[in-house]
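# Examining the three-dimensional arrangement
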Amino acid sequence: MTSVVLVLRPLEFFLTQYKRVWRGSAVTTVITPIVYLLALGVGLGVFVDRSADLAAGVSYLEFVAPGLMAATAMQIASFESSWPVLSAIKWDRQYHAMLATPLRVRDVMLGHQAYFAFRLFLTATIYLIIITAFGAIESPLGVLAVPVTVLVGLSFSAPIAAWAAHAQNEVSFVAIFRFVILPMFLFSGTFFPISSLPTPLEVLAWFTPLWHGVTLCRDLTLGTVSWGDLGHLAYLVGFVTVGLLLARMTYRKRLWV
Amino acid sequence: MSSNGTPLIQARNLVKRFDDFVAVDSIDFDLQRGEAFGFLGPNGAGKTSTMRMIGCVSPVTEGSLTVLGLDPARDGSKIRARLGVVPQQDTLDMELTVRENIVIYGRYFGLSRKDLGPRADELLDFVELTDRANDKVEPLSGGMKRRLTIARSLVNDPEVLLLDEPTTGLDPQARHVVWDRLYRLKRQGVTLLLTTHYMDEAEQLCDRLVVMDRGKIVAEGSPRDLIERYSTREVVELRFDDGSRPDDLTYWTDGLVDRVEMLPDRVLLYTPDGDAATHGLHERGLVPESVLVRRSTLEDVFLHLTGRSLIE
């Protein structure tokens, strides 16, 4: 039996579960980008475009839209991989049901990540359609921002799931959101270039997967890709890989005792 | 149903350790096909740890364990494909319907949705949950959830059904419904392996059982064997008013009963003939608050073997 087949089975469970709530989730997925783009891209953009010079001919809306897309992926992935993972271990115990069957710990872990990837793909696709409707896409390469956004999400869901499988309770999740996710949302180049940050913070931002994701998405939607973007891609792939290895370790330690 | 000599499950010097704590301390047992086999013991005896190793969800620390002729360390996935598991703590999904819970569980085994439709109906009928098929699991009673877990565990037509404390936490009526279903499965030839700390459950369901205490097996046999070996046919239970209980009953019981157990709330006298012993006590002038003559149970076996009650 190939591993892929075994990974699809937990995925099917999470999709079945998602089917029960997809309507509410879909409304949020569509409304959120519209509200953000109107408020920041259009509203704030009027002031920014009057005073700042981002790059030749790039409006603030075009600048901020791909950033928001990547940042939203980070938020969804972080939420989905914290409480729900701990719950599947500790409260609702769905992982334990799976592990009593032919499924193995790694199938369960990867199946859940596959579900995150599915959710991220859905969100990214809707985001891209809405950004296009706002006229903020400069290049057909922008389509590639969808898989990149999925990758950005996974670079959070993998390490956070690894942490959640290690955590004894949910207390640390609030701290992660307050001290990691929120600052990254604000200071990783989503709303303004990190070159405006004080140097130590700028250096710090280089290491965040979100900055690499935002930059890559922006280069794709603006059509300003360069060889340097392969570096961003490699960083994200590396981050996801390390995250998955960590998750495999902590899942095993927690569930195979 | 006939046993072909090769045990379905075989353990030799099986050990489970968590850091310094020894949960299972070198136990041996065999399970034959078609048999209903039980682990009887109090909480913390090592029953669940043993079950989890057999269910291939927990690694063996030391010793050997063979399940369905395979090695859990190497073939866990293959073994689990042929087992049915009713865990101590429910793992049902509360948000899905009763029916969806069975179907999705069947999908974990790779069964097709087409086959799972009729299979789910059949299983829901077996556990009498057909009229709740499309309800969410969350509002179901504890007994119904247990029955659903049992139905779910049968989805892959398992060769052995592992039940960890199948009726713990249920009210007496719900327990009897569960026992009835398990009894039917047993009659259909399903091999049952269960843990329990209820002696009546063990007596009702098990052909053979082992008594576990502090990680070790302290006795093995059929319920009747064990009672014959470690207890007497009858037991006289004496209760006394506060303060009126003598510290030493030897004067009254000497030569009248085989053995005396002094428990905090009552005194147990072991004897082949309870009525004769009661009569003798009266003649010697012992006046307890109440006297009850009953048959020996596995509880008495356990008390004799370990000096402690099963349920404290």
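Residues numbered from 1 in each chain as written. Chains lettered and ligands numbered in written order. Predicted model: local features only at pLDDT ≥ 70, side-chain atom pairs only at ≥ 80, totals over all residues.

### So, the overall build of chain B
Short version of the rule: Put simply, DSSP marks the helices as runs of H or I at least four residues long and the strands as runs of E at least two long, and each gets a number from the N terminus on. Buried residues are those with 20 or more other C-beta atoms within 10 Å of their own C-beta, exposed residues have 12 or fewer, and partly exposed residues lie in between; C-beta atoms are placed from the backbone. Whether two residues are in contact depends on their C-beta atoms, placed from the backbone: they are in contact if these lie within 7 Å.
A tally of helices and strands in chain B yields eleven helices and 13 strands. For the C-alpha atoms alone, the extent of chain B along its principal axes is close to 75 × 45 × 40 Å. When each of the 312 residues of chain B is scored for burial, the buried share is 45%. Across chain B, every contact between residues at least 6 apart in sequence was considered, and the portion connecting residues at least 24 apart equals 70%.

### So, the interface of chain A and chain B
Every contact between the two is made by 20 residues of chain A and, on the other side, 21 residues of chain B. Among the secondary structure elements, those contributing two or more residues to the side of chain A that touches chain B are helix 1 (3-19) and helix 4 (94-99) of chain A.

### Here's the deal with the nonpolar core
The following threshold applies: The term nonpolar core means buried Ala, Val, Leu, Ile, Met, Phe, Trp, Tyr and Cys residues held together as one set by C-beta atoms within 7 Å.
Met69(A), Met74(A) and Leu162(B) are the most contacted members of the largest nonpolar core, which totals 146 residues. The dominant element in this core, judged by the number of residues it contributes, is helix 3 (residues 60-90) of chain A, at 16 residues. When neighbours within four sequence positions are excluded, Met74(A) is seen to be in contact with Val152(A), Gly153(A), Phe156(A), Ile181(A), Met184(A), Phe185(A) and Leu210(A).

### Notes on the packing of helix 1 of chain A against helix 5 (residues 105-133) of chain A
All names here are of chain A. Condition: Think of each axis as a best-fit line through the C-alpha atoms, taken over the contacting stretch in the case of a helix, with angles from 0 to 180 degrees between the N-to-C directions. Roughly parallel means an angle under 35 degrees; roughly antiparallel means over 145; roughly perpendicular covers 65 to 115; every other angle is labelled oblique. What makes a crossing left-handed is the near helix being turned counterclockwise from the far one by less than a right angle; a clockwise turn instead makes it right-handed. Nonpolar residues are Ala, Val, Leu, Ile, Met, Phe, Trp, Tyr, Cys and Pro. Charged residues are Asp, Glu, Lys and Arg, and all others, Gly as well, are polar.
At a minimum axis separation of 7 Å, helix 1 and helix 5 run at an interaxial angle of 55 degrees. With respect to helix 5, the axis of helix 1 lies oblique. Here helix 1 runs over helix 5; the crossing is right-handed. Packed against helix 1, whose contacting residues are Ser3, Leu6, Val7, Arg9, Pro10, Leu11, Phe14 and Leu15, the element helix 5 presents Asp107, Val108, Leu110, Gly111, His112, Ala114 and Tyr115 at the interface. Here the residues of the contact of helix 1 with helix 5 sort into ten nonpolar, three polar and two charged.

### Quick notes on the environment of Ser244(B)
All names here are of chain B. Structurally, Ser244 is set in the loop between strand 10 (234-239) and helix 9 (250-253). Ser244 sits in the exposed class, given 9 other C-beta atoms within 10 Å. When the C-alpha atoms of Ser244 and Glu289 are compared, they prove to be 9.0 Å apart, with 45 residues separating the residues in sequence.

### Topic: the packing of helix 9 (residues 209-222) of chain A against helix 10 (residues 228-255) of chain A
Residues and elements named next belong to chain A. At a minimum axis separation of 9 Å, helix 9 and helix 10 run at an interaxial angle of 140 degrees. Judged on the interaxial angle alone, helix 10 and helix 9 are oblique. Regarding helix 9 and helix 10, the two cross each other, and that crossing is left-handed. Residues Pro209, His212, Gly213, Thr215, Leu216 and Asp219 of helix 9 lie in contact with helix 10, whose contacting residues are Asp229, His232, Leu233, Tyr235, Leu236 and Phe239. Residues belonging to the contact of helix 9 with helix 10 are distributed by class as follows: six nonpolar, four polar and two charged.

### Structural notes on helix 1 of chain A
Selection rule: Working rule for helices: expected span equals 1.5 Å times residues minus one. It is the directions from the helix axis to the C-beta atoms that the arc portrays.
Over its 17 residues, helix 1 of chain A runs 25 Å from end to end, which matches the ideal 24 Å to within 8%, given 1.5 Å per residue. Burial in helix 1 of chain A covers these residues: Leu6(A), Val7(A), Arg9(A), Pro10(A), Phe13(A) and Phe14(A). The arc that holds every buried residue of helix 1 of chain A, seen down its axis, measures 150 degrees, which confines them to one face. Among the exposed residues of helix 1 of chain A, those pointing more than 90 degrees away from its buried face are Val4(A), Val5(A) and Lys19(A). Next to the buried residues of helix 1 of chain A lie helix 4 and helix 5 of chain A together with helix 3 (98-108) of chain B.

### Some details on unusual backbone geometry
Phi at Arg93(A) is positive, roughly 60 degrees, even though this residue is not glycine. By secondary structure assignment, the location of Arg93(A) is in the loop between helix 3 and helix 4. Although it is not a glycine, Arg214(B) adopts a positive phi angle of roughly 50 degrees. By the secondary structure assignment, Arg214(B) is in the loop between strand 8 (208-213) and strand 9 (216-221). Note on Arg214(B): 15 C-beta atoms within 10 Å, which makes it partly exposed.

### So, the sheet that holds strand 12 (residues 267-271) of chain B
Residues and elements named next belong to chain B. The condition that has to hold: When DSSP locates at least two bridges between a pair of strands, those strands are taken to pair.
Taken together, four strands build an open sheet; the order of strands is 11-12-10-13 and the sheet is antiparallel. The open sheet is flanked by strand 11 (259-262) and strand 13 (290-295), the only strands paired with a single partner. This sheet shows a mean twist of 20 degrees between the axes of neighbouring strands, independent of strand direction.

### Details of helix 3 of chain A
When the terminal C-alpha atoms of helix 3 of chain A are compared, their 45 Å separation across 31 residues agrees well with the 45 Å that a helix rising 1.5 Å per residue should span. The buried fraction of helix 3 of chain A is high, at 25 of 31 residues.

### Some details on the sheet that holds strand 3 (residues 36-40) of chain B
All names here are of chain B. Spatial strand order, 5-6-7-3-8-9: six strands in an open sheet with mixed pairing. Edge positions in the sheet fall to strand 5 (83-86) and strand 9, since each of these pairs with one other strand and no more. On average, adjacent strands in this sheet sit at an angle of 15 degrees to one another, irrespective of strand direction. Note: strand 3 against strand 7 (residues 191-196), five bridges, orientation parallel. Residue pairing for strand 7: Gly38 is matched across the bridge by Leu194. Strands strand 3, strand 8 and strand 9 of the sheet are contacted by helix 11 (residues 298-306), whose axis makes an angle of about 40 degrees with strand 8.

### Digging into the confidence of the model for chain B
Detailed reading of the predicted model is not advised wherever pLDDT is low. Under the convention used in this document: The predictor attaches a confidence to each residue, called pLDDT, with possible values from 0 through 100.
Taken residue by residue, chain B gives an average pLDDT of 92. The fraction at 70 or more is 98%. Overall fold confidence (pTM) sits at 0.92, and the ipTM for the predicted complex is 0.92.

### A closer look at the domain arrangement of chain B
To keep things clear, this is the line we draw: By convention here, the domain bounds are inherited from an automatic or database domain assignment.
Domain parsing of chain B yields domain 1 (9-222) and domain 2 (232-295). Computed over C-alpha atoms, the centres of domain 1 of chain B and domain 2 of chain B are 40 Å apart.

### Comments concerning the pairing of strand 7 of chain B
Residue and element names in this part refer to chain B. The following threshold applies: Crossover handedness is defined here as right-handed if the route from the first strand over the helix to the second strand goes clockwise, with the strands pointing away from the viewer.
Burial analysis of strand 7 places six of its six residues in the buried class, the great majority of the element. Neither face of strand 7 is open: one carries Thr191, Leu193 and Thr195, the other Leu192, Leu194 and Thr196, and all of them are buried. Relative to strand 7, strand 6 (residues 160-164) runs parallel, the two sharing five bridges. Its bridge partner lying in strand 7, Asp164 is registered against Thr195. One crossover worth recording links strand 6 to the parallel strand 7 by way of helix 6 (residues 172-187), and it is right-handed.

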